Number of protein chains: 2
Amino acid sequence: MAAVDQRYTASRRALVQALLKAGRPLTISEILAGVAGMPQSSAYRNLTVLCDAGVARRLPGMDDLGRFELAEDLSGHHHHVICADCGTVVDFAASDRLERALLEASRLVAEQTGFDISGHRLDFDGRCPNCS
Amino acid sequence: MAAVDQRYTASRRALVQALLKAGRPLTISEILAGVAGMPQSSAYRNLTVLCDAGVARRLPGMDDLGRFELAEDLSGHHHHVICADCGTVVDFAASDRLERALLEASRLVAEQTGFDISGHRLDFDGRCPNCS
DNA sequence: CTCAGTGCAAAGGATTTGCATGCCG
DNA sequence: CGGCATGCAAATCCTTTGCACTGAG
């Protein structure tokens, strides 16, 4: 890890802690709220560093808000359940059976499209208990 | 459809045609390139209308570019293969077996999270032939 | 002493909105 | 006529950058 990373400073530690504690992807706003006193720019900059270092991961969102979570190396392979109303994202681990089916599908996709497939992302869309 | 939509104007028709012809999700830039003479604001505005009308759909992307495609009502249920380098998105239809497994998983997710699940999204990440 | 890290403020880029005008019904 | 649609330009929103300063090795 030290191979890529520069220094594991207080700010970065704080970011990782925040993500760890949340156990689900967080927006910048949520992160800033949880790590009082950190300027946006530092949050963005360090999050970028963490992503490059393979510690964190940025994920796409329906709304235009960037969300961050710990890399799967640290959190384990999982998928997401997304509320169409408030955008909240919750983690979810798929069954082995489903994962196997997905792997198989990857091979198929590679054959059919010529892409070199490196992974998959599975999201469930719905409405969370709060927004129902 | 007329229930939600206002008017099916030339601009909107052009947008739908462009998406239809492409057969894959397009960015705003790609759309503007294909529909010469349309101002960005009109493209955005009409795309929004089309999305509200259930004719089109906006999808999340790793890069910050919004991509649009026709709704599944028109294009059929499918998934995406995304190039990590250039961001190009290609459509892909999953096997019945996989779809069944996904449906089953939806039920499981609903139980475990309390969400009301309305659908799923499956993306394969990789590198396209051009970027390899 | 040197270089990475930090904050602030300014810059960027994609998307949205206000407003006046044009056109369909 | 009345209301939606359209263009243009200005405004927003999230995110990235430039720059000068501080801190660790």
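Our structure is the block above this text.
Report follows, based on the coordinates. In this text the structure is predicted, and so the values were computed from the model without any measurement.

For the rest of this paragraph, the subject is the interface of chain B and chain A. Opposite the 35 residues of chain B that make contact, chain A presents 35 residues. Overall, the association of chain B and chain A removes approximately 3,200 Å² of surface from exposure, summing both partners, and the carbon and sulfur fraction of that is 66%. Between the two partners, chain B and chain A, sit 6 salt bridges. Run the count over chain B and chain A and you get 12 residue pairs in polar contact (both at pLDDT 80 or more). Breaking the side of chain B that touches chain A down by element, the ones donating at least two residues are strand E4 (79–83), strand E5 (89–92), helix H5 (96–113) and strand E6 (116–127) of chain B. Counting residues per element, the side of chain B that touches chain A draws most heavily on E6(B), which supplies 12 residues. Of the residues that constitute the side of chain B that touches chain A, the class distribution is 18 nonpolar, 9 polar and 8 charged. Relative to E6(B), strand E6 (residues 116–127) of chain A is paired through 11 bridges, and the arrangement is antiparallel. Across the sheet, A:Arg127 pairs through a bridge with B:Asp116, a residue of E6(B).

Residue and element names in this part refer to chain B. Interhelical geometry of helix H1 (residues 10–22) versus helix H3 (residues 40–52) gives an angle of 75° and a closest axis separation of 10 Å. Relative to H3, H1 is oriented roughly perpendicular. In this structure, H1 uses Ser11, Arg12, Leu15 and Val16 to contact H3, whose residues at the interface are Ala43, Asn46, Leu47, Val49 and Leu50. Among the residues making up the contact of H1 with H3, the classes are represented as 6 nonpolar, 2 polar and 1 charged.

Reading the values: rules and limits
Residues numbered from 1 in each chain as written. Chains lettered and ligands numbered in written order. Predicted model: local features only at pLDDT ≥ 70, side-chain atom pairs only at ≥ 80, totals over all residues. Heavy atoms only, no water. Contact = heavy atoms within 4.5 Å. Buried area = accessible area lost by both parts, 1.4 Å probe. Salt bridge = Lys/Arg side-chain N within 4 Å of Asp/Glu carboxyl O. Polar contact = N/O pair within 3.5 Å; in protein donor to acceptor, adjacent residues only side chain to side chain. Helix = DSSP H or I, 4+ residues; strand = E, 2+ residues; numbered from the N terminus. Nonpolar A, V, L, I, M, F, W, Y, C, P; charged D, E, K, R; others polar. Pairing = 2+ DSSP bridges. Axes fitted to C-alpha atoms, helices over the stretch in contact; angles between N-to-C directions. Parallel < 35°, antiparallel > 145°, perpendicular 65-115°, else oblique.

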